[in-house]
2 protein chains.
Amino acid sequence: MGYPPVTQAEGNTMQKATPRNAFYAQSGGVTAVINASACGLIETARKFPRKIGKIYAGRHGIIGALTEDLIDVSQESPAAIRALRYTPGGAFGSARYKLKGLDVNRAHYERLIEVFRAHDIGYFFYNGGNDSMDTANKVSQIGAQLGYPITCIGIPKTVDNDLPLTDCCPGFGSVAKYVAVSTREAALDVASMARTSTKVFVLEVMGRHAGWIAAAAGLACEKTGDAPHIILFPEIVFDQAKFLAKVRDSVERYGYCVVVVSEGVHNADGKFLAEAGGTDAFGHAQLGGVGPLVAKIVKDSLGYKFHWAVADYLQRSARHIASKVDVDQAYAVGKAAVQFAIAGKDAVMPTIVRKSDRPYRWSIGEAPLSAVANAEKKVPRHFITADGFGITAAARRYLSPLIAGEDYPPYRNGLPTYVQLKSAGVRKRLKSAFVL
Amino acid sequence: MGYPPVTQAEGNTMQKATPRNAFYAQSGGVTAVINASACGLIETARKFPRKIGKIYAGRHGIIGALTEDLIDVSQESPAAIRALRYTPGGAFGSARYKLKGLDVNRAHYERLIEVFRAHDIGYFFYNGGNDSMDTANKVSQIGAQLGYPITCIGIPKTVDNDLPLTDCCPGFGSVAKYVAVSTREAALDVASMARTSTKVFVLEVMGRHAGWIAAAAGLACEKTGDAPHIILFPEIVFDQAKFLAKVRDSVERYGYCVVVVSEGVHNADGKFLAEAGGTDAFGHAQLGGVGPLVAKIVKDSLGYKFHWAVADYLQRSARHIASKVDVDQAYAVGKAAVQFAIAGKDAVMPTIVRKSDRPYRWSIGEAPLSAVANAEKKVPRHFITADGFGITAAARRYLSPLIAGEDYPPYRNGLPTYVQLKSAGVRKRLKSAFVL
C-alpha cells in the first residue's frame, strides 16, 4: 500500500518556519501515571508557542496517526490538562500496535510521515516501552530518508520497569507501591485469621519477563517474619519441592504464609507455570491465573486453607495510591521531552538518573533511542536472596525510594475526580484512508 | 466436657465491687476498620477506671477466652492504641469459631464463664457479625443462669453489610470505597486500551449472600456509559443469555464492558455459579473464582479479549483507601459499647442510625442482640435496576454517604506504618486446659 503525493496545501504548511505542530501518542499498557507525562509534556509545550504550535494526540495511540484520527489538545483547558497529572489510564487512548521493521512495514512509516506532513507536525513524542522507542527511532530515520524534518523523542513508560539505560521507568513506582501496600495489608488480615482460617495467601502480580513488580512486594517485609514470606520471580526457575518446603516452614514458624507470585514465573523447561499447569481452559498465558495455580499446588501437597487474589489491572491503574516520586518522574520525563525537542535533540529519550539512594536524589538524563529499543532489564541475581524467594538489601536500597511519598488525587463524594477530556477530533486533511 | 469448680481465689475476685475487668474479642473475617472499633472501645474504657479495671483481649477471638489465652491490653501504650484506628486486620487475632446453641454447646459457654470468673471479667465485648451477636446474647443468658454477673455488648462488624437493625455495618463503607475506586480506575485503563486490547474486564468482589459490595461498585458510574456496565448480584438469578446480550451491547456502544461480579452470584437452581461451572478443582465455594468463570463465558460466546481480577482479601484490608465515615462509625460503635456497659445496659448492640441522606447525618442507636442474631439483610429489589444489572437512585442515596471522606494512615518510606501490638499474655489462673 503506497501513499498519495503531497498536496499543494500540505506543501505550503511545510514551508512555514516555526512554530510547527506536535504529535503525542500513548503506547502499550497504560499506567497510573502515563497521563502525568502527558501533563508535563503539554504544560511545557504550551510555554513555547513560538516553537510548538498545536499539540495533537493520537486517538488510541499510533493508530490515531495512521488513521489520521487526531485529538486537538489545544481545546483542552489548563485545568483539564492539570488534572491529567492525577488521572490514571491513557487519557487519549493507547494501543498495542507494534510497527515492525522498516523493511517489512515501510508503508506504515510512510503513512505516518504523510499524516505528519498533512498536519505540519514537526515533533513526534512517543510515550511507551521498548517497542515504542524502536518505532520512534525508525520514524526519525524515515523522516530523514524522505526529506521530512521530524523531531522524534521517546518518553519512557512501563509498569514492568524493564527499560535499559534509565534507573527506573515511570509507571513502575506506583504499581510497586500498590503491591507493597496491598501485600502488607492483606498479610495483616491473614495473620489475624490464620489460627482457624486461611493459612496461605497468594497474590498474583504482573511482570511477564521481569520480576520487578513482585520484588517490590518485598518492601512490605521489614523484619523477620513479616510478609511476604515467599516471592516467586520470573528470573528464578520454579522449584516446587523447595517452594513447598518454604511454605510449610513459614506456616510452622509464623502461623501463616504470604506468597507473591509474578505472572511470568516458569518451570525449568522455560514454560510459564500457568501454561504448564493444565488445570483449566481460561487462556492463562494471556490472563494470569498462576496465582490460583500456586494456591492449588499448596492445597494439594500441604492441605492448608488458602485464598488467592489476582490484582490484574487494579495494580497498574491504582492512581489513588500512586508513588509521589513516580508521579514527579513521570511529569519530569514529559517535560524533558519537550525541552529536548526545543533544544534540537532527536531520537533520544529522557531517562531517570539516580544520584544517590539515601537521601534519594535523581535528575533527568538522556539516552539514544537506538540503545533503548529491544533491550530488557531483568532483576539482577544479587537483588534476589540466595534461596530465590526474597529480596536483598541491595534490592531494597534500589526499590525503596521509588515508592516514596503519596500524591493523592482530589475526591468528590468519596471518589477520585479523574478528568475526562473533550478529545475533540481534528478535521482530516487527507483523502486517503488507511486500513490497519 | 465439664468445667472445674471455682477456686477460692476466683471466688474472692468476684466479691470485689468495682472496677471489674473487661474482655474484648474480634470475630469472623476482619476488616479495614475493626481495629478502629477496638480503639474506640479501649480509649473509652480507659476513661472509666473506677468501673473498668483491666482490659483483656482474646488472642484469636473467642478461642483466646476458651483457652484462657488472654492479651493484657493495659500493657499497650496510648500511642499504640491510637494507631489501631488506622491499622487494618484484627490486631488481637480473630477466629471463625462459632459457638452453637446452649443445648449442644453448653460446655463452651460454661467454660467462658469459668475463664471470666477466674479473671474477674464483668464486661464482655464481642466485635463481629450475626453469629457473634448470637454468642454474646447467649453468654448474657448463661451468665444469669449461673449467677455470674456479666455485661454483654455486641459491636457490629462485617464487610458484607448484612446485619439487620443498623443502617450500615462498620467495615462495609471501606470495602465499598475500595471497590468503587478500583472499578473506576480499572475502567479508565480498559477504556484506554479497548481499541486493540481487552474489551471486557471482570472484577470479582466479596459478598456470598448479599450483594452490597457489588452494589457499591455502581457508585463509580455517574453518567451513561460509565463503568461498571454490569453488576451481577447474588440477589438476582444469573441469566446467561441476558448477560451476554448486555455485554455485547456495552462493547458496541462504549467500546468496552466492565463487569463487577459478586462471589455469591448463582443460577436458577440456587447453586453458586462458581460451583456449577465445573471448570476446576480449586474449591471455588470457599475461594471465589466466579470472576474467571464469567470471563470465560464471555470469551466462549462472544470472543472478546478479556481480563479478570479477584480482589479477595485486598478489598477488605485496604485501609489505605478507607472511608472516613466508616472509620468514624467503627470508632463510634466501639466507644458506644463501653458507654452502654457503663450505663448498665446488657445484651445490646450499638447501631448506626441514619438521620438524613444529604447532608448525611447519623447517630448511634441501640438494638437488642436477640433481634440482630441470625437475621440477614440483603440488597432490596428496589435498589437494583429493572434489568438486574445496575443500581438505582435509591441505592445511590443509601450507598454514597458510606464511602465519603478519606482517612489516610501515616506513611514511612512509602508504606503505611501499621501498628503491631506487644500482645503480652496474661498469666493463666486456671489449671484446666480446654480442648477446642
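Calculation rules
- Residues numbered from 1 in each chain as written.
- Chains lettered and ligands numbered in written order.
- Predicted model: local features only at pLDDT ≥ 70, side-chain atom pairs only at ≥ 80, totals over all residues.
- Contact = placed C-beta atoms within 7 Å.
- Helix = DSSP H or I, 4+ residues; strand = E, 2+ residues; numbered from the N terminus.
- Nonpolar A, V, L, I, M, F, W, Y, C, P; charged D, E, K, R; others polar.
- Least-squares fit on C-alpha atoms with pLDDT ≥ 70 in both.
- Axes fitted to C-alpha atoms, helices over the stretch in contact; angles between N-to-C directions.
- Left-handed = near helix turned anticlockwise from the far one by under 90°.
- Expected span 1.5 Å × (residues − 1).
- Buried ≥ 20, exposed ≤ 12 C-beta atoms within 10 Å, placed from the backbone.
- Domains from an automatic or database assignment.
- Pairing = 2+ DSSP bridges.

Contacts between chain B and chain A engage 63 residues on the former and 63 residues on the latter. Counting residues per element, the ones that place at least two in the side of chain B that touches chain A are helix H7 (172-193), helix H12 (290-302), strand E9 (306-310), helix H13 (313-317) and strand E13 (415-416) of chain B. At 13 residues, the largest contribution of residues to the side of chain B that touches chain A is made by H7(B). Class assignment of the residues belonging to the side of chain B that touches chain A gives a composition of 32 nonpolar, 19 polar and twelve charged.

Further remarks concern the relation of the copies chain B and chain A. The transformation that overlays chain B on chain A combines an axial shift of 0.0 Å with a rotation of 180 degrees, and the residual RMSD is 0.0 Å. In the structure described here, the two chain copies are related by an operation that fits a two-fold rotation axis. When C-alpha positions in chain B are compared against the rotation axis, the closest is assigned to Val310(B), at 2.5 Å. Both copies present the same face, since 100% of the interface residues in chain B are matched by interface residues at the equivalent positions in chain A.

Turning our eyes to something else, we now look at the packing of helix H2 (residues 34-45) of chain B against helix H14 (residues 324-342) of chain B. All names here are of chain B. Running from N to C, H2 and H14 point in directions that differ by 40 degrees, and their axes come no closer than 7 Å. Remark: the crossing between H2 and H14 carries right-handed chirality. The residues of H14 that touch H2, namely those facing Ile-34, Ala-36, Ser-37, Ala-38, Cys-39, Gly-40, Leu-41, Thr-44 and Ala-45, are Val-327, Ala-330, Tyr-331, Ala-332, Val-333, Gly-334, Lys-335, Ala-337, Val-338 and Gln-339. Taken together, the residues that form the contact of H2 with H14 break down as 13 nonpolar, five polar and one charged.

On to H2(B), then. Given a rise of 1.5 Å per residue, twelve residues ought to cover 16 Å, and the 17 Å separating the end C-alpha atoms of H2(B) matches this to within 8%. The secondary structure elements touched by the buried residues of H2(B) are strand E1 (20-26), strand E2 (52-58), helix H4 (78-84), strand E4 (121-128), strand E5 (151-156) and H14 of chain B.

With omega at -5 degrees, the peptide bond leading from Ala227(A) into Pro228(A) counts as cis. Structurally, Pro228(A) can be placed in the loop between helix H8 (212-217) and strand E7 (230-232). Located in the positive-phi region is Leu165(B), a residue other than glycine, with phi close to 75 degrees. Taking the number of C-beta atoms within 10 Å as the measure of exposure, Leu165(B) has 18 and is therefore partly exposed. With a phi angle near 55 degrees, Ser423(B) is a residue other than glycine that sits in the positive phi range. On the secondary structure map, Ser423(B) appears in the segment after E13. The class of Ser423(B) is partly exposed, set by 15 C-beta atoms lying within 10 Å.

Turning our eyes to something else, we now look at the domain arrangement of chain A. Residue and element names in this part refer to chain A. By domain assignment, chain A separates into domain 1 (8-158 + 321-374 + 406-416) and domain 2 (172-319). Look at where the C-alpha atoms of domain 1 and domain 2 centre, and you get two points 35 Å apart. In this complex, domain 1 contributes 16 residues to the contact, which on the side of domain 2 involves eleven residues. When grouped by side-chain class, the residues that make up the side of domain 1 that touches domain 2 number nine nonpolar, six polar and one charged.

Residue and element names in this part refer to chain A. Relative to strand E11 (residues 361-368), strand E10 (residues 348-356) runs antiparallel, the two sharing eight bridges. Its bridge partner lying in E11, Val-348 is registered against Pro-368. Where E10 folds back onto E11 in an antiparallel hairpin, the turn is made up of four residues.

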